[in-house]
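Each chain is listed here by its residues.
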Amino acid sequence: MLRFTLLWLLVFLFASISSSSARPAPYAMRISCGARQNIRTPPTYTRWYKDFAYTGGIPANATAPSYITPPLKTLRYFPLSEGPENCYIINRVPKGHYSVRIFFGLVEHEIDNEPLFEVSVEGTIIHSLKSGWSKNDEQVFAEALVFLLDGSVSICFHSTGRGDPTIISIEILQIDEKAYYFGPEWGRGVILKTTSRLTCGTSKPKFDEDYSGDHWGGDRFWHPIRTFGKNVDAPRSTESGIKKASTVPNFYPEALYQSAVVSTDSKPDLAYTMDVDPNKNYSIWLHFAEIDATITSAGKRVFDVLINGGTVFENVDVVGMSGDRYTALVLNTTVALSGRTLTITLHPKKGNHAILTAIEVFQVIVAESKTSPEEVRALQALKKSLGLPNRFGWNGDPCVPKEHPWSGADCHFDKSGGKWFIDGLGLGNQGLRGSLPNEISKLHHLQSINLSGNSIHGVIPSSLGTVTSLETLDLSYNFLNGSIPESLGKLTALRRLNLNGNSLSGRVPSALGGRLLNGASFNFTDNHGLCGIPGLPKCGPHLSAGAKVGIAFAVFLSLVLLVICSICWWKRRQNILRAQQIAAASRSAPYAKARTQSSHDIQMSRNPSRGRTASENGPSLLS
């Protein structure tokens, strides 16, 4: 009995340890763009979150261009009037390696209006839609494998002037940290853009979810290709299990390897050609499993693999390299392509026939370096304070993609720090309103600021004096008031300062006046309150800011006391006048006189002494 109890305790302990060490489910965020409530879609009843507070744009009813598009009924589109760049910013995303996929759609009843635009993830362009995309299953979505390290992800859509970007869904699916490792170049600074993913020998398109694949695989889409050409190959399939399939780090579904194509006697070479972008690097993954019943052992089928005519794998023996029949084998290589086509050729050396299960092709993209977060926050504060209109498209990263920088922001790359920063602001004559925020001083690398010809009011932030690299500052023809900060005199690099056409007052800092002797170009005209340098009125007695505040407070207090005294005097005067009016009214009334005489008679009757003669009452003085 004791042994039986100990055995059960050991089993329970082992189960507890196993369950505690089990890998948690990967992070998954699926957004149904334009949707107002969470929904689930058949046949797998995948959960899609409602589209709330992620971005701007306009929700609308959707037309799905392909049967592989998720069966969602809404989308979100971004008219050019809202700016050329629009982004989904999704926060609280755990650090990790992710598959990011975006499905495109068409606005309902506008299926002939096919928009063309570009897509970026974390500031790096991953896809440019080409004409005819809505009729090609592999082009109705964009997908990339990317590392997300700062707790959020930005997915941006860049207008090219040919229609409004329209998005049906966004998926952010965590995958294994080492997924698709292809060599020393692989890493956090590299993005793999999915160019093509094929499953051979079948006509049924499948997602990993349809294959009941492991969720750490990322729910990949496999485009079916039953044959590479008429009479050039033959399909093979099996229902037998496949070993070594769903293993780390890529977790390929086992069912992927249950179909394949095999070359024929009439065409021993097995070849597939696809279009690619020129002058790019591509990571190519080839999948094999020996499911042909005619091949019973190693050495029966051997072939070479060529990419655009160059041999990349020699003497591939699927059974020998995988260890057995019905066992998965994956080969990977990275090639640089200069042309616009990629041709994969399998050339038999033994057995006369080659076999191929699946193909994956990724474009290797070096991730763009991002703008300094501090400077991004400063520009966002400036956008809010000045009320920049949507047409500026200040969304996403200011400097990347390099093809779509923020309008009015000039960028420069710091090679030593590996970050972009802002060295110029050109927003003159843009109808801007509001005031200048103190955060503008966080743009430490600014050399030029032009905000002239707007309707900016308020004071000039004294913090501008900390932007020591500033060479040009043009704030002319606005509604700025107050004094010129003394801190501007510390800008030793400043060579051009235009503050004319405002409502500034007070003394021009002496340091700025002295700079005029060194060839600097400063303009202070049309500010009726400025004084202190040649060309401006002379300044009177100069009071410090504290003295001005004290005088203003004393004047205010005196006014308050004067008002209080006036109110008291007025109330007292009103009371006196009211009393006089009452007395006068009582003396002039007839009934009051009669009442007074009657009262006098009564008093005389009650007080007999009042009726005595003068001799009885005492002596009197006679005149």
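Calculation criteria
- Residues numbered from 1 in each chain as written.
- Predicted model: local features only at pLDDT ≥ 70, side-chain atom pairs only at ≥ 80, totals over all residues.
- Heavy atoms only, no water.
- 1 Å grid on protein atoms, 1.4 Å probe; cavity = no way out; pocket = protein on both sides within 12 Å on 5 of 7 lines; lining within 4 Å.
- Points joined across faces, edges and corners; volume = space filled by probe spheres on them.
- Nonpolar A, V, L, I, M, F, W, Y, C, P; charged D, E, K, R; others polar.
- Domains from an automatic or database assignment.
- Helix = DSSP H or I, 4+ residues; strand = E, 2+ residues; numbered from the N terminus.
- Pairing = 2+ DSSP bridges.
- Axes fitted to C-alpha atoms, helices over the stretch in contact; angles between N-to-C directions.

Participant: Would you explain empty space enclosed by the protein in this entry?
Facilitator: Vacant regions in the atomic arrangement are exposed by a probe of water-molecule size rolled over the atoms. The full count for this structure, using the stated rule, is three cavities of 30 Å³ or more. Here the largest cavity defines a volume of roughly 60 Å³. Taken together, Ser99, Glu143, Leu145, Ile175, Ala179, Tyr180, Arg197, Trp216, Gly217, Gly218, Arg220 and Asn250 make up the full set of residues lining the largest cavity. When grouped by side-chain class, the residues that make up the lining of the largest cavity number five nonpolar, four polar and three charged. Here the lining of the largest cavity spans two domains, since at least three of its residues come from each of domain 1 (24–174) and domain 2 (186–368). Its volume calculated, the second largest cavity comes out at about 60 Å³. Along the walls of the second largest cavity sit 13 residues, with Cys156, Gly396, Asp397, Val400 and Pro401 positioned nearest its centre. Breaking the lining of the second largest cavity down by element, the ones donating at least two residues are β6 (85–91) and β12 (152–162). Looking at the lining of the second largest cavity, the element that brings in the most residues is β12, giving three residues. Broken down by class, the residue content of the lining of the second largest cavity amounts to four nonpolar, seven polar and two charged. Split by domain, the lining of the second largest cavity shows at least three residues from each of two domains, domain 1 (24–174) and domain 3 (373–531).

Participant: Where do I start with the sheet that holds strand β19 (residues 270–275) in this structure?
Facilitator: Hydrogen bonding along the main chain pairs the strands of a sheet, whether they run parallel or antiparallel. Within the open sheet, the four strands sit side by side as β19-β24-β21-β22. Their pairing is antiparallel. Looking at which strands have only one partner, the edges of the open sheet turn out to be β19 and β22 (310–316). Strand-to-strand, the axes of this sheet are offset by a mean angle of 15 degrees, without reference to chain direction. Here strand β21 (residues 302–307) runs beside strand β24 (residues 341–350); their pairing, made up of six bridges, is antiparallel. What sits directly across from phenylalanine 303, in β24, is proline 348.

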